[in-house]
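Summary of the model geometry
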Amino acid sequence: MRPERYNAKEAEPKWQRTWTERDLFRTRNEDDRPKYYVLEMFPYPSGRIHMGHVRNYTMGDVVARYRRAKGFNVLHPMGWDAFGMPAENAAMKNKVHPKEWTYANIATMRSQLKSMGLAIDWSRELATCDPSYYAQQQRMFIDFLEAGLVDRKTAKVNWDPVDQTVLANEQVIDGRGWRSGALVEQRELTQWFFKITDFAQELLDALDQLDRWPEKVRLMQRNWIGRSEGLVVRFALDPATTPGGETDLEIYTTRPDTLFGARFMALAPDHPLSKAAAAQNPALAAFIEECKHTGTALEAIEKAEKNGFDTGIRAVHPFDPSWELPVYVANFILMDYGTGAIFGCPAHDQRDLDFVNSIGLGNTPVVCPPDADPATFTITDTAYDGEGRMINSRFLDGMTVEAAKEEVARRLESETRGGRPAAERKVNFRLRDWGISRQRYWGCPIPVIHCESCGIVPVPRESLPVTLPDDVTFDVPGNPLDRHPTWKHVDCPQCGRPARRETDTMDTFVDSSWYFARFTDPHRTESPTDRAVVDRWLPVDQYIGGIEHAILHLLYSRFFTRAMRVTGHAGMSEPFAGLFTQGMVVHETYRDAKGSWVMPVDVRIESEGGTRHAFHVETGEPIEIGSIEKMSKSKLNTVDPDDIIASYGADTARWFMLSDSPPERDVIWTEEGVQGAARFVQRVWRLVGDLAEAASLNASGEGSDGSVSLAIRKAAHRAVAAVEDDVERLRFNRCVAHIYELANTLQDLLARAKASPDPGAGSAFREAGQIFVQLLAPMMPHLAEECWQSLHLPGLAAEAPWPLVDRSLLVEEAITLPVQVNGKKRADVTVARDADQAAIEAAVLSLEAVQRAMEGRPPRKIIVVPQRIVNVVA
RNA sequence: GCGGACGUGGCGAAACUGGUAGACGCAAGGGACUUAAAAUCCCUCGGGCUUGCCCAUGCGGGUUCGAUCCCCGCCGUCCGCACCA
């Protein structure tokens, strides 16, 4: 007996059990069908899943289930980005060990994800905090070290005073730590670095091949890598003016063409020459000290006036020995870009102009814009950085900017200064090496040993992994590994004398830079990957995640894959062939009279005549409905996936996540929308019941023309073609619309079949019912199984191959074309599919509406766009 | 400041990138069924009037037989980078 209502609460766990019992989603590496690797960014085990996860994993699941039905050997794994600060914060706050906290969270979130009914191969699950995972990461660190891809150097680092750790540049947002939000300070520390800059050019060039990545992400990476072509120029210094008799100064410029517009030289405050000069000049030393202080907080930098201090040093213009330029120390020059020194051309660089305007040094324009008069062209407050012809520049006059750059480079390259060329062409990158040292406990230990006599010694591979000690304390800030009584004390593997372990752990972005490769053979102990296996699975065919990882995670992963290539752990350079960045889940915000945020579950909405009023569920007090914002704990506008799944079922949540907005855009979570999705679930259930009934009715209609059965088949096959096209382009909202459309059409046809019996309708409905369920299956898999069963179809919906489109059903014998007169639609005309131009023209001109619109004028031209439109020009 | 994206009904959005603007959903209104409600089903739903015609895709121009789509100039919203020489 088929129940009237579909009960998701019973059906969902039942089908999840069935899939598990049949081991349906286990992927075998030996399977030789074409592979398809779909991956969603793995979650950090923060405690509970949120709606953003639901959206992300639903999209991936649709792709996985669709590709499976299409006959691919699909890899769709799940794991945990399990190292990181929150576990230590929890340890400090709640006195629970990070390991315990993390694994408990994983257990909770795993069961939450399982309740979503995802087609995931859980046998490949991994957690980055597991020694079996980080052992392999340590192995690769040593391989990278031996391959020269790791560096240890002192560097000015971003120090997070709250987390007491170093942050990468990318982890500093608006001068604050990306996790703690604390103002970041600058400190000098010896750190471990991955030499990502070795691949700067390659990482940049390869972006052009990533044609299945969003243009936006590629652009962000391009900007981040920040390639610039320029010239390192050696200026001669007047030794009489320098602190230690220095004779030259290297600067970096991308505008050698503007050399005759030079007014000054400028050094970074921490440039060696600045320091040397400061040693003999207390006022300069004070100025440099001041720069350091304003240099920490980024807000200050933004507002800071351009400031400089004349060192008294004089430089000589490379093209004119009699031309002296003052050398300043300036607060706007960065030591770690270029050479930490520049020449200033105020007329064509805004920063230089702001600076000279504050000290009254003046400027000389040397590039004249095309529409300006060289005789009168002047610069006051706005520097000109566009194209033009050179002026006031001696032998460069009249040249274009490009030609002048080339001419200057050519001349200076061939000159020598102190036995070296006066200038060299130099490509510079904004990208810096990736500092991976973190002074934290809950991370992958860096497997090296510091020995007084042998220096830095890698931990021998046979003693890996270097595991984290369990007995640690979190009652004081700083690194628990460093203050552990015994852990760091170890004998040197080379000389056997007492030595010290590295107590820094790796940035957690290292963990997530290769998990996609590990999934291909996750339990392997002898090496990180099996080359044959990893080379078959990678690159990931479709990677799905948030735009917030556009730079950090994706760039690191691209570097890491290359480093794995160099060390023989993988054969490819790019980890992700297709990338999709999904939008956020947003929700209305609510506040009570006191201004406190109120959670959606505590709000009851009443609407009358289109206006909505909100009340507190318990107190009944009026609630103010606020703006729609990203779901966040601070604004309490979150909806718990567990609650939604408990009251509506996973399929409803999945359907709504896919239906409302294009996947790359934000989706607004609304109660009405969820209810609409829930209504549709029941409607599907009723419709499939009606189709099953209609399928078994073998109507013997006399004199039927078969139009109903043809219409049924056309609707079903058209829907398959449309859904197929849109799933492959990840346009899930359109898939949903096609399925609604098919449901509407089938419902109409059921009524029509009743009114005019058609002997073929039974089998057509049977076919349409099956197709309808198959189209639903990737999106609402549990409902699909229940429907599949009620249609008495063999096996499981999740195992059924994707329906084959009968292309002959997609073409119409007669087509209806819109008819325009002078570009305005006036009528429709129905003609045979293969009607020729003359026949269409005749049919169109005979239309009454066309004649009326022509007002007696003869047609001047008739444009017929085949299969599209007819336009009569009168 | 530099770079990029986006502006379509009351709302989320479609429109095969030059070919019927508003598919599909939500909300709203009307009706049927019901003692009543829920559920379900049917109808209406961009605006205006003279009911077959105007006006409508942020605003103003342009190209075209034809523009939401291409070009130019504004206005607005969002995002990324930010003293990178």
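Below: a short report on this structure. (Residues numbered from 1 in each chain as written. Chains lettered and ligands numbered in written order. Predicted model: local features only at pLDDT ≥ 70, side-chain atom pairs only at ≥ 80, totals over all residues. Heavy atoms only, no water.)

Within the secondary structure, His450 sits in strand β23 (residues 448–451). A polar contact is formed between the side chain of His450 and the side chain of Glu502, at a distance of 2.8 Å. Ignoring any residue separated from it by four or fewer positions in sequence, one finds His450 in contact with Arg152, Gly455, Ile456, Ala499, Arg500, Arg501 and Glu502. (Helix = DSSP H or I, 4+ residues; strand = E, 2+ residues; numbered from the N terminus. Polar contact = N/O pair within 3.5 Å; in protein donor to acceptor, adjacent residues only side chain to side chain. Contact = heavy atoms within 4.5 Å.)

This brings us to the nonpolar core. With 185 residues, the main nonpolar core has Phe141, Phe194, Trp434, Trp669 and Phe772 as its most contacted residues. When sequence neighbours within four positions are dropped, the list of residues in contact with Phe141 reads Val150, Trp192, Phe194, Ile436, Ile446, Pro447, Val448 and Met506. If you look at the next biggest cluster of nonpolar residues, it comprises 38 residues, including Leu231, Leu267, Val329 and Ala422. (Core = buried A, V, L, I, M, F, W, Y, C linked by side-chain atoms within 4.5 Å. Buried < 20%, exposed > 50% of the residue type's maximum accessible area, 1.4 Å probe, protein only.)

Before going further, it helps to spend a moment on the packing of aromatic side chains. For the structure on display, the rule yields 42 aromatic pairs. Pairing Tyr37 with Trp537 gives two aromatic rings, centres 6.3 Å apart and planes at 75°, and the pair type is edge-to-face. Of the two residues, Tyr37 is situated in strand β1 (residues 35–40) and Trp537 in helix α16 (residues 531–537); the sequence distance between them amounts to 500 residues. The residues Tyr37 and Trp537 share a single accessibility class, namely buried. Pairing Phe194 with Phe560 gives two aromatic rings, centres 6.1 Å apart and planes at 75°, and the pair type is edge-to-face. With Phe194 in strand β9 (residues 185–194) and Phe560 in helix α17 (residues 552–566), this residue pair connects regions lying 366 residues apart in the sequence. (Phe/Tyr/Trp six-rings, centres within 6.5 Å; stacked < 30°, edge-to-face > 60°.)

This structure, assessed with the given rule, holds 57 salt bridges. Residue Arg255 pairs with Asp257 through a salt bridge whose shortest N-O separation is 2.9 Å. As far as burial versus exposure is concerned, Arg255 and Asp257 are alike and both buried. A salt bridge links Glu407 to Arg411, with the shortest nitrogen-to-oxygen separation between them at 2.8 Å. Placement of the pair is Glu407 and Arg411 together in helix α12 (residues 401–414), with a separation of four residues, close to one helical turn. With relative accessibility at 13%, the residue Glu407 sits in the buried group. Taking the relative accessible area as the measure of exposure, Arg411 reaches 32% and is therefore partly exposed. Connected via shared salt-bridge partners are Glu202, Arg558, Arg562, Arg565 and Glu574. (Salt bridge = Lys/Arg side-chain N within 4 Å of Asp/Glu carboxyl O.)

A separate point is the sheet that holds strand β29 (residues 579–582). Across the sheet, which stays open at both edges, the four strands sit in the order β2-β1-β28-β29 with parallel pairing between neighbours. Only two strands of the sheet have a single neighbouring strand rather than two, namely β2 (73–75) and β29. Across the sheet, the mean angle from the axis of one strand to that of its neighbour is 20°, orientation sign disregarded. Bridge count for β1 against β2 is three bridges, and the pairing is parallel. Each bridged residue has a counterpart across the sheet, and for Tyr37 the counterpart in β2 is Leu75. Against the sheet, helix α2 (residues 51–69) engages β1, β2, β28 (542–546) and β29, with an angle of about 175° to β1. (Pairing = 2+ DSSP bridges. Axes fitted to C-alpha atoms, helices over the stretch in contact; angles between N-to-C directions.)

Our focus in this paragraph is helix α8 (residues 272–279). All buried positions along α8 are accounted for by Leu273, Ser274, Ala277 and Ala278. Considered in projection along α8, the buried side chains sweep an arc of 135° and stay on one side of the axis. In α8, those exposed residues whose orientation departs by more than 90 degrees from the buried face are Pro272, Lys275 and Ala279. (Arc of directions from axis to C-beta.)

Around RNA strand B sit 49 residues in total, of which Thr254, Lys306, Arg351, Arg734 and Arg868 are the nearest. One of the side-chain N or O atoms of Asn733 is found 3.3 Å from a phosphate oxygen in RNA strand B. A distance of 3.0 Å separates a phosphate oxygen of RNA strand B from a polar atom in the side chain of Arg826. Sort the elements by how many residues they give to the surface near RNA strand B and helix α22 (residues 732–755) lands first, with seven residues. Tallied by class, residues from the surface near RNA strand B come to 18 nonpolar, 13 polar and 18 charged. (Near = heavy atom within 4 Å. Nonpolar A, V, L, I, M, F, W, Y, C, P; charged D, E, K, R; others polar.)

Moving on to the environment of Val157. Following the sequence through the fold, Val157 ends up in strand β5 (residues 150–160). Distance in space between the C-alpha atoms of Val157 and Thr190 is 9.1 Å, their sequence separation being 33 residues. With residues up to four places along the chain from it excluded, the contact list for Val157 reads Val166, Glu185, Gln186, Arg187, Leu189 and Gln191.

Turning our attention to unusual backbone geometry. Omega for the peptide link from Leu464 to Pro465 comes to 0°, which places this bond in the cis form. Relative to the assigned elements, Pro465 resides in the loop between β24 (455–458) and α13 (480–483). With omega at 0°, the peptide bond leading from Leu538 into Pro539 counts as cis. Relative to the elements of secondary structure, Pro539 occurs in the loop between α16 and β28.

This paragraph deals with the sheet that holds β24. Judged by pairing direction, the sheet is antiparallel, and its four strands sit side by side in the order β24-β23-β26-β25 without closing on themselves. Of all the strands in the sheet, just β24 and β25 (489–491) have a single pairing partner and so form its edges. For this sheet the average axis-to-axis angle between neighbouring strands, irrespective of direction, equals 40°. Sheet topology places β23 next to strand β26 (residues 498–501); two bridges connect them, and they run antiparallel. Within β26, the residue paired with His450 across the bridge is Arg500.

All right, on to the environment of Ile342 then. Relative to the helices and strands, Ile342 is located in strand β15 (residues 341–344). Ile342 gets classed as buried once you look at its relative accessible area, which sits at 18%. In contact with Ile342, other than residues within four places in its own chain, are Ile251, Tyr252, Phe264, Met265, Ala266, Ile333 and Asp352.

All right, on to the state of the cysteines then. Inspection of the entire model under this criterion finds zero disulfides. Among the cysteines around Cys368, which has no disulfide bond, Cys345 carries the closest sulfur, lying 14 Å off. Exposure remark for Cys368: the relative accessible area of 4% places this residue in the buried category. Counting only cysteine sulfurs, Cys129 is the nearest neighbor of Cys444, a cysteine outside any disulfide, at a range of 11 Å. The class of Cys444 is buried, set by a relative accessible area of 0%. (Disulfide = S-S within 2.5 Å.)

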